[in-house]
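Residues per chain, in single letters:
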Amino acid sequence: QVRLVESGGGLVQAGGSLRLSCAASGRTFSSYGMGWFRQAPGKEREFVAAISWSGGTTTYADSVKGRFTISRDNAKSTVYLQMNSLKAEDTAVYYCAAGQRKYGYSVRVYDFWGQGTQVTVSS
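These notes cover the structure that comes with them. (Residues numbered from 1 in each chain as written. Predicted model: local features only at pLDDT ≥ 70, side-chain atom pairs only at ≥ 80, totals over all residues. Heavy atoms only, no water.)

### Some words on the pattern of salt bridges
Worth spelling out the cut-off: Each reported salt bridge corresponds to a side-chain nitrogen of Lys or Arg within 4 Å of a carboxyl oxygen of Asp or Glu. Strands here are runs of E lasting at least two residues and helices are runs of H or I lasting at least four, both read from the DSSP assignment and numbered beginning at the N terminus. Any residue under 20% of the maximum accessible area for its type is buried, any over 50% is exposed, and the rest in between are partly exposed; the area is computed with a 1.4 Å probe on protein chains only.
On inspection of all chains with the given rule, the structure shows five salt bridges. Close ionic contact of Asp90 with Arg67 constitutes a salt bridge, the shortest N to O distance being 2.8 Å. One end of the pair, Asp90, is in the loop between β8 (78–83) and β9 (92–100); the other, Arg67, is in the loop between β6 (58–60) and β7 (68–73), and 23 residues separate them in sequence. We note that Asp90, like Arg67, is buried. Among the ionic pairs, Lys102 bridges to Asp111, the shortest N-O distance being 3.2 Å. Residue class for Lys102 comes out partly exposed when judged on its relative accessible area of 32%. Connected through shared salt-bridge partners, Arg38, Glu46, Arg67 and Asp90 make up one network.

### Structural notes on the state of the cysteines
For clarity, the threshold we go by: Any two cysteine sulfur atoms within 2.5 Å of one another count as a disulfide.
If you walk through the whole model with that rule in mind, you get one disulfide. Each sulfur in the disulfide pair Cys22 and Cys96 lies 1.9 Å from the other. Because the torsion about its S-S bond is 50 degrees, the bridge between Cys22 and Cys96 counts as right-handed. Of this pair, Cys22 sits in strand β3 (residues 18–24) while Cys96 sits in strand β9, and the two are 74 residues apart along the sequence. You can call Cys22 buried: its relative accessible area is 0%. The class for Cys96 is buried, based on a relative accessible area of 0%.

Printed below as a string of structure tokens:
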């Protein structure tokens, strides 16, 4: 079992930056691929970024490529999402997710989910 707790959300002006954190419980964090997803009101949850369990491979949605960076610190059991050049359309609840020795674009890949953190970008 892995418990995930997101933090770092908030209100920011367009063009600003935020860094989200997702702290994981358990001793096997380094064996989990991690993903960030987001869900805006009335929309389906969508893929944002993912990182392999070693941290050696990352992948991004086209809508955030070049603006967002996913990283992880296995010693701290934490995954991060650095978000720069934020736009109003980035407004959503952001969720982190964990998949044991797997990661990908689909919500079905992941075994555990956090409760989410709200990001609001004002234009």
